[in-house]
Amino acid sequence: MSSATGAIWAIASLSTAGVIARPMRWPEWIWAVSGAALLLVTGLMPLAAAGSAVAKGLDVYLFLTGMMLLSEAARQHGVFDWIAAAAVNHASGSRARLFTLVYATGAVVTVFLSNDATAVVLTPAVFAVARKARAEPLPLLFACALIANAASFVLPISNPANLVLYGGHMPPLGPWLAAFALPSIAAIGATYVALRWYFRRDLAGQCATVVERPALSRAGQAALLAIVLTAGVLIAASALDRPLGLPTALAGLACAIGVSLQARQSPLGLARHVAWGVLPLVAGLFVIVEAVARTGAIGAVANMLTQASAHPASAALASGTVLALVSNIMNNLPAGLVAASAVALAHPPRVIVDALLIGVDLGPNLSITGSLATILWLQVIRREGENVGFATFLKVGLVAMPPALLLALLCRIIAG
């Protein structure tokens, strides 16, 4: 290994560790951007290459911008409180039933709006649910976090990482469902069972039976309608094999402006409450992974995939498992980028590519920094005054992720 290669891997490792540990409680984006900047300053990463790496994430930036604007508009105008009251009343005083309602809602939001939307849009509603129901919030919050990844390969639009792994070109919806319907059911079901068991004591007993359901203002109704219409737009864009970022950003911008005008407020006031730090975080990760790719790591991974393709079933199980674990070390977005580049070189059988997608989507349920959705979820709960440490999340992840991953991979291999 050359000194330059060693330096790149050292910077990438330290940046990832900073994102995970947040030394001095500095935001995650500072560590990712600092790592990218250090690569540029030291000459380890050419400026043009860094610019190209940042540009690769344009669709992701646009998608996240739209989702964050939609979420903030809904939060400010009472949509989450309205949803929370409905959930509590339907739970009829049962904590376990309330948990199931939250989990099922998270599955629907993830499937039709993406796992990032579940983190950004649903998590504030879950906090409102816990407050109104006078229930322990952690089981409900973990339901929100883990279903965001467990249901993220039901449809192509369910996770932006799906676009990354398939190079921006999704397989037709029919073959997609044939490949992923059964693995998705297995992942969603296994994760639910694991969470119910882990939080069995917290979910025993009763919660509030009936709470007053606040009336939605006209601005709140407009925000809710915007979220529903955005889901329809994303499904249509996916069916037409169109990028998802621009329509999502336009929908979020239109929602923020329209809702603010309806409430006779400035849209800038709404925008000031959005967690914009996630955008430089993603951009920094793109630069870091591009630097790692330039060390020859992608070629090595491609060679391994080529050699393993002689035994597709065992290779699918191994590659999906390895990528799931790697996603927790370097985040699934850069891990997916590396895997996508290797796939483009190696051209492995479809079952191996699908197993890689399952690993990159479901693997992040092991740790708190495994996916962008989980990092977004963490930012949201911190904003609400709650916090979940790395060790706490890992304890839950060790129970929930391995069985779900194994079942999903076996289901995909059996499907052929």
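Here the structure is a predicted model, which means the values were calculated and not measured.

A.B. asks: Go over the overall build of the chain, please, and point to the residues and values.
C.D. replies: Looking only at helices and strands, one finds 19 helices and zero strands in the chain. Compactness check: the chain gives a C-alpha radius of gyration of 21 Å against a globular reference of 22 Å for 416 residues, within 12% of the reference. For the C-alpha atoms alone, the extent of the chain along its principal axes is close to 65 × 45 × 45 Å. Expressed as a percentage of its 416 residues, the buried residues of the chain come to 56%. Summed over its atoms, the accessible surface of the chain is roughly 16700 Å², and 69% of this surface lies on carbon and sulfur atoms.

A.B. asks: Tell me about helix H2 (residues 28–41), and name the residues and values.
C.D. replies: The end-to-end C-alpha distance of H2 is 20 Å, a good match for the 20 Å that 14 residues give at a rise of 1.5 Å each. When we look at burial in H2, the residues that qualify are Glu28, Trp31, Ala32, Gly35, Ala36 and Leu39. Down the axis, H2 shows its buried residues gathered within 130 degrees of arc, on one side only.

A.B. asks: Can you explain the packing of helix H5 (residues 79–91) against helix H7 (residues 115–133)? Please cite residues and give values.
C.D. replies: Between H5 and H7, the shortest axis-to-axis distance is 8 Å and the interhelical angle comes to 55 degrees. Taken together, the axes of H5 and H7 lie oblique to each other. Here H5 runs over H7; the crossing is right-handed. Residue-level inspection shows Phe80, Asp81, Ala84, Ala85, Ala87 and Val88 of H5 in contact with H7, the latter providing Val121, Pro124, Ala125, Ala128, Val129, Lys132 and Ala133. Of the residues in the contact of H5 with H7, the class split is 11 nonpolar, no polar and two charged.

A.B. asks: Quick rundown of the pattern of salt bridges? Include the residues and the values.
C.D. replies: Within the structure shown, the criterion is met by three salt bridges. In this structure, the salt-bridge partner of lysine 56 is glutamate 290, at a minimum N-O distance of 3.0 Å. With lysine 56 in helix H3 (residues 47–56) and glutamate 290 in helix H14 (residues 278–308), this pair connects stretches of sequence that are 234 residues apart. The class of lysine 56 is exposed, set by a relative accessible area of 52%. Owing to a relative accessible area of 18%, glutamate 290 belongs among the buried residues under this scheme. Residue aspartate 354 is joined to arginine 350 by a salt bridge in which the shortest nitrogen-to-oxygen separation is 2.7 Å. Taken together, the residues span about one helical turn, with aspartate 354 and arginine 350 both in helix H17 (residues 350–362) at a distance of four residues. Overall, the relative accessible area of 0% leaves aspartate 354 in the buried class.

A.B. asks: Talk me through the side chain of threonine 110; I want residue IDs and the actual numbers.
C.D. replies: With respect to the helices and strands, the residue threonine 110 is situated in helix H6 (residues 95–113). Residue classification places threonine 110 among the buried positions, given a relative accessible area of 0%. Within the local environment of threonine 110, its side chain forms a polar contact with the side chain of threonine 118, the two groups lying 2.6 Å apart. Beyond its immediate stretch of four places on either side in the chain, threonine 110 contacts Asn115, Thr118, Ile147, Ala148, Ala151, Ser152 and Ser158.

A.B. asks: Before we move on, can you summarise the environment of leucine 203 with the specific residues and values?
C.D. replies: Its location among the elements puts leucine 203 in the loop between helix H10 (173–198) and helix H11 (218–239). The exposure class of leucine 203 is buried, given its relative accessible area of 8%. For the pair formed by leucine 203 and glycine 57, sequence separation is 146 residues and the distance between their alpha carbons is 40 Å. Leave out the neighbours within four places in its chain, and leucine 203 touches Arg95, Ala96, Phe99, Pro139 and Arg196.

A.B. asks: Describe the nonpolar core, and please don't skip the residues or the numbers.
C.D. replies: In terms of nonpolar packing, the biggest core is built from 134 residues, with Leu64, Leu98, Val282 and Trp377 touching the most fellow members. In this structure, leucine 98 is in contact with Ala87, Val88, Ala91, Val129, Ala133, Ala135, Leu140 and Cys207, ignoring residues within four places of it in sequence. In this structure, Ile11, Leu39, Ala53 and Val287 belong to the second largest nonpolar core, which totals 15 residues.

A.B. asks: Any details on the packing of aromatic side chains? Residues and values, ideally.
C.D. replies: In the structure shown here, the tally under the stated rule is 12 aromatic pairs. Taking the centre distance of 6.3 Å and the plane angle of 20 degrees together, the rings of phenylalanine 99 and tyrosine 103 count as stacked. Taken together, the positions of phenylalanine 99 and tyrosine 103, both in helix H6 and four residues apart, correspond to about one turn of that helix. Aromatic side chains tryptophan 176 and phenylalanine 180 sit 4.6 Å apart centroid to centroid with 45 degrees between the ring planes, which places their arrangement in the tilted category. Residue tryptophan 176 and its partner phenylalanine 180 are located together in helix H10, separated by four residues, close to a single helical turn. Each member of the pair tryptophan 176 and phenylalanine 180 is classed as buried. Here the basic side chain of arginine 200 rests over the ring of tryptophan 197, its NZ or CZ set 4.3 Å away from the ring centre.

A.B. asks: Describe the state of the cysteines, and please don't skip the residues or the numbers.
C.D. replies: What the rule picks out here adds up to zero disulfides. With no disulfide of its own, cysteine 255 lies closest to cysteine 144 among cysteine sulfurs, the gap being 19 Å. Under the relative-accessibility criterion, cysteine 255 is labelled buried at 5%.

A.B. asks: Could you give an account of a nonpolar patch on the surface, with specific residues and numbers?
C.D. replies: A surface patch of nonpolar side chains, amounting to about 240 Å² of accessible area, comprises Val108, Phe112 and Ile235. Take isoleucine 235: its relative accessible area is 35%, and that puts it in the partly exposed class.

A.B. asks: Help me get a handle on empty space enclosed by the protein, residues and values and all.
C.D. replies: Applying the stated criterion across every chain yields a total of three cavities of 30 Å³ or more. Approximately 80 Å³ is the volume found for the largest cavity. If you add up the space inside the second largest cavity, you get close to 60 Å³. Thr16, Val19, Met330, Asn331 and Thr369 are, among the 10 residues lining the second largest cavity, the residues nearest its centre. Counting residues per element, the ones that place at least two in the lining of the second largest cavity are helix H1 (3–21) and helix H15 (312–330). Taken together, the residues of the lining of the second largest cavity sort by class into six nonpolar, four polar and no charged.

About the criteria used
Residues numbered from 1 in each chain as written. Predicted model: local features only at pLDDT ≥ 70, side-chain atom pairs only at ≥ 80, totals over all residues. Heavy atoms only, no water. Helix = DSSP H or I, 4+ residues; strand = E, 2+ residues; numbered from the N terminus. Rg over C-alpha atoms; globule rule 2.2 N^0.38 Å. Buried < 20%, exposed > 50% of the residue type's maximum accessible area, 1.4 Å probe, protein only. Areas by Shrake-Rupley, 256 points an atom, 1.4 Å probe, with all protein chains shown as cover. Expected span 1.5 Å × (residues − 1). Arc of directions from axis to C-beta. Axes fitted to C-alpha atoms, helices over the stretch in contact; angles between N-to-C directions. Parallel < 35°, antiparallel > 145°, perpendicular 65-115°, else oblique. Left-handed = near helix turned anticlockwise from the far one by under 90°. Contact = heavy atoms within 4.5 Å. Nonpolar A, V, L, I, M, F, W, Y, C, P; charged D, E, K, R; others polar. Salt bridge = Lys/Arg side-chain N within 4 Å of Asp/Glu carboxyl O. Polar contact = N/O pair within 3.5 Å; in protein donor to acceptor, adjacent residues only side chain to side chain. Core = buried A, V, L, I, M, F, W, Y, C linked by side-chain atoms within 4.5 Å. Phe/Tyr/Trp six-rings, centres within 6.5 Å; stacked < 30°, edge-to-face > 60°. Lys NZ or Arg CZ within 6 Å of the ring centre and 35° of its normal. Disulfide = S-S within 2.5 Å. Patch = residues over 30% accessible without salt bridge, like charges linked within 9 Å, V, L, I, M, F, W, Y side chains within 5 Å. 1 Å grid on protein atoms, 1.4 Å probe; cavity = no way out; pocket = protein on both sides within 12 Å on 5 of 7 lines; lining within 4 Å. Points joined across faces, edges and corners; volume = space filled by probe spheres on them.

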